[in-house]
Amino acid sequence: MAKLGGRSISGLQFLGNAARLFHYYFYNTKTHQSVGLGPGEGTGLFCSVPGKWEGPEQQGTQYQTIPDRMQSCADSTLQKDIKNKAPDYFFWDSWGATNGTNCNGYVMSVLERCSF
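Residues numbered from 1 in each chain as written. Predicted model: local features only at pLDDT ≥ 70, side-chain atom pairs only at ≥ 80, totals over all residues. Heavy atoms only, no water.

Visitor: Where do I start with the overall build of the protein in this structure?
Guide: Assigned secondary structure in the protein consists of 2 helices and 5 strands. Counting from the amino terminus, helix and strand elements in the protein follow one another as β-β-β-β-β-α-α. Residues counted as buried form 38% of the 116 residues belonging to the protein. Pairs at least 24 apart in sequence give 59% of the contacts found in the protein among residues at least 6 apart. (Helix = DSSP H or I, 4+ residues; strand = E, 2+ residues; numbered from the N terminus. Buried < 20%, exposed > 50% of the residue type's maximum accessible area, 1.4 Å probe, protein only. Contact = heavy atoms within 4.5 Å.)

Rendered as structure tokens:
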């Protein structure tokens, strides 16, 4: 069963949860595998950088369950996506308009592709 996981962004834990800066990823509770989008080089704070698939992640605490009707679609979408080059990463963009997207934008794009 896939869930959405989140953790404080590496290097920014001192801001605490009040800053609402988390790294979001998919976590499979059966296989204990995870996948998320991150920067392949640099931080992507000022411009887009090549993205990379990140993992493994721990189960963590910030979870949202993916609805049952979307589980198989999310799983197959993730399996297809990770076989390809990761999209460009841009820290500030959750929508992937032109400059790339961030981890939250990637998670939302998978869920959007699977909503019916």
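Visitor: Is there a simple way to explain the side chain of Q71 in this structure?
Guide: Mapped onto the fold, Q71 is located in helix 1 (residues 68–81). Relative accessible area serves as the criterion here: at 14%, Q71 is assigned to the buried category. Engagement of the side chain of Q71 in a polar contact is seen with the backbone oxygen of I66, the distance being 2.8 Å. (Polar contact = N/O pair within 3.5 Å; in protein donor to acceptor, adjacent residues only side chain to side chain.)

Visitor: What exactly am I supposed to notice about the side chain of N102 here?
Guide: By the element assignment, N102 lies in the loop between helix 1 and helix 2 (103–114). Among the polar contacts made by the side chain of N102, one reaches the main-chain carbonyl oxygen of F91 at a distance of 2.9 Å. Within the structure, the side chain of N102 is placed 3.1 Å from the backbone nitrogen of N104, a separation counted as a polar contact.

Visitor: Hey, could you run me through the layout of surface pockets in this one?
Guide: With a probe scaled to a water molecule rolled over the atoms, the places where space remains empty come into view. In this structure, the second largest pocket encloses a volume near 250 Å³. Mapped onto the lining of the second largest pocket, the elements with two or more residues apiece are strand 2 (22–28), strand 3 (34–39) and helix 1. Per-element accounting of the lining of the second largest pocket gives the leading share, 5 residues, to helix 1. The residue makeup of the lining of the second largest pocket, split by class, is 7 nonpolar, 7 polar and 1 charged. (1 Å grid on protein atoms, 1.4 Å probe; cavity = no way out; pocket = protein on both sides within 12 Å on 5 of 7 lines; lining within 4 Å. Points joined across faces, edges and corners; volume = space filled by probe spheres on them. Nonpolar A, V, L, I, M, F, W, Y, C, P; charged D, E, K, R; others polar.)

Visitor: Whenever I open this one, unusual backbone geometry confuses me. Can you help?
Guide: Glycine aside, a negative phi is what most residues show, and trans is what most peptide bonds show. Cis peptide bonds are those with omega within 30 degrees of zero, and the linkage from G55 to P56 qualifies with -5°. Assignment of secondary structure puts P56 in the loop between strand 4 (51–54) and strand 5 (64–65). Backbone geometry at H32 places phi at a positive 60°, although glycine is not the residue there. Positionally, H32 belongs in the loop between strand 2 and strand 3.

Visitor: I keep staring at the state of the cysteines and nothing clicks. Help me out?
Guide: Covalent bonding between the sulfur atoms of two cysteines is what defines a disulfide. Under the criterion given, the structure shown has 1 disulfide. The disulfide partner of C73 is C114, and the S-S distance across this bridge is 2.3 Å. Judged by the sign of its S-S torsion, about -80°, the cystine formed by C73 and C114 is left-handed. On the criterion of sequence distance, the pair formed by C73 in helix 1 and C114 in helix 2 is long-range, its members being 41 residues apart. We classify C114 as buried; its relative accessible area is 0%. (Disulfide = S-S within 2.5 Å.)

Visitor: What am I meant to see in the pattern of salt bridges here?
Guide: If the charged atoms of two oppositely charged side chains come close together, the side chains can form a pair. Applying the stated criterion across every chain, the model contains 2 salt bridges. Here R113 ties to D81 by a salt bridge, and the two come within 2.8 Å at their closest N and O atoms. Here R113 is found in helix 2, whereas its partner D81 is found in helix 1, with 32 residues between them in sequence. When its relative accessible area of 14% is taken as the criterion, D81 is described as buried. Here K85 makes a salt bridge to D88, at a shortest N to O gap of 3.8 Å. The class for D88 is partly exposed, based on a relative accessible area of 35%. (Salt bridge = Lys/Arg side-chain N within 4 Å of Asp/Glu carboxyl O.)

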